[in-house]
Amino acid sequence: TAQAGSASDTFHLVIPSMPGYGFSGKPATTGWGPEHIARAWAELMKRLGYDRYVAQGGDWGGQIVDLMGVQAPPGLIGIHTNFPGAVRADVAAAVVSGGPAPSGLDDEGTRLYEKLKDFFATDVAYALEMGTHPQALYGIADSPIGLAAWILDHDATSLALIARVFDGQAEGLTRDDVLDNITHYWLTNTGVSSGRLYWENKLGFFDPKGVDIPVAVSVFPDELYQVPRSWAEEAYPKLIHYNKLDKGGHFAASEQPQLFVEEVRP
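In this report, we go over the structure that sits alongside the text. (Residues numbered from 1 in each chain as written. Predicted model: local features only at pLDDT ≥ 70, side-chain atom pairs only at ≥ 80, totals over all residues. Heavy atoms only, no water.)

## Quick notes on helix H3 (residues 89-97)
- All of the buried residues in H3 are Val91, Ala92, Ala94 and Val95. Taken end-on, H3 shows its buried residues confined to a sector of 165°, consistent with a single buried face. Away from its buried face, by an angle of more than 90 degrees, H3 presents the exposed residues Ala89, Val96 and Ser97.
- In the core, the buried residues of H3 are packed alongside helix H4 (107-122) and helix H11 (229-235).
- Trailing H3 by a residue or two, Gly98 shows a phi angle of about 80°, which is positive. (Buried < 20%, exposed > 50% of the residue type's maximum accessible area, 1.4 Å probe, protein only. Helix = DSSP H or I, 4+ residues; strand = E, 2+ residues; numbered from the N terminus. Arc of directions from axis to C-beta. Contact = heavy atoms within 4.5 Å.)

## Digging into unusual backbone geometry
- The phi torsion at Asp59 lies on the positive side, around 55°, for a residue other than glycine.
- Overall, the relative accessible area of 32% leaves Asp59 in the partly exposed class.
- With a phi angle near 45°, Ala72 is a residue other than glycine that sits in the positive phi range.
- Mapped onto the secondary structure, Ala72 falls in the loop between helix H2 (60-71) and strand E4 (76-81).
- Residue classification places Ala72 among the partly exposed residues on the basis of a relative accessible area of 38%.

## Examining the pairing of strand E6 (residues 239-244)
- Two elements, strand E5 (residues 215-219) and E6, share five bridges in a ladder whose sense is parallel. If you follow Val215 over to E6, its bridge partner there is Leu239.
- After leaving E5, the chain enters H11 and then returns to the sheet as E6, a path that is right-handed. (Pairing = 2+ DSSP bridges. Right-handed = clockwise from strand over helix to strand, strands pointing away.)

Structure, rendered in structure tokens:
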């Protein structure tokens, strides 16, 4: 997503749908990875007439706004992310290999390592499947039950956040939110086409990308990992905002819209 404004302090929200997702068209050629999408968003803002804007993203959007920050197109004055690419290289290597935690980690760093280690040990297989054989998932385009099962239970972290809704907890998403999301993928037939982004991607999900423009980071407690301020400062030399929220998770914009808006609003 991108938030754009003018010198008159009138702000507009521009929310593009990633290629292959939802209401966006499905790419007819290869090459639509995160770097290409980042360039496309900058071109979109240019064609819409914005010469000064910031970009915001979480999940895949977090990687895309990071890459927009790396590319630093004219007009982009900063980014906000709730999925920061700021995991130290030694920690990322240990997580992927399944090895022990690097020496010298403090309590925050150790907790992050343990959370990502568990994620890679039990939950990352869905991303590997989509990253290597996305077309083999035709079952999620052939059956609404198959699609629902894949979205609900593709990893334990997301399942836990979604399941609490159906257990009667009022926190975050509603049942209708979950079903609307599944329906959105079904009616637009984008279950498989959205998975192709994993195949196109050649970058680490959590790695620093080399962003050298102003960055704001929001850390939600139920996200896949919580980046310490020191790591964020290392990954983003021009960090201008860092805040840990009391509630919210991977679907922060949907779960806690008021908190999310307060973080993003200039």
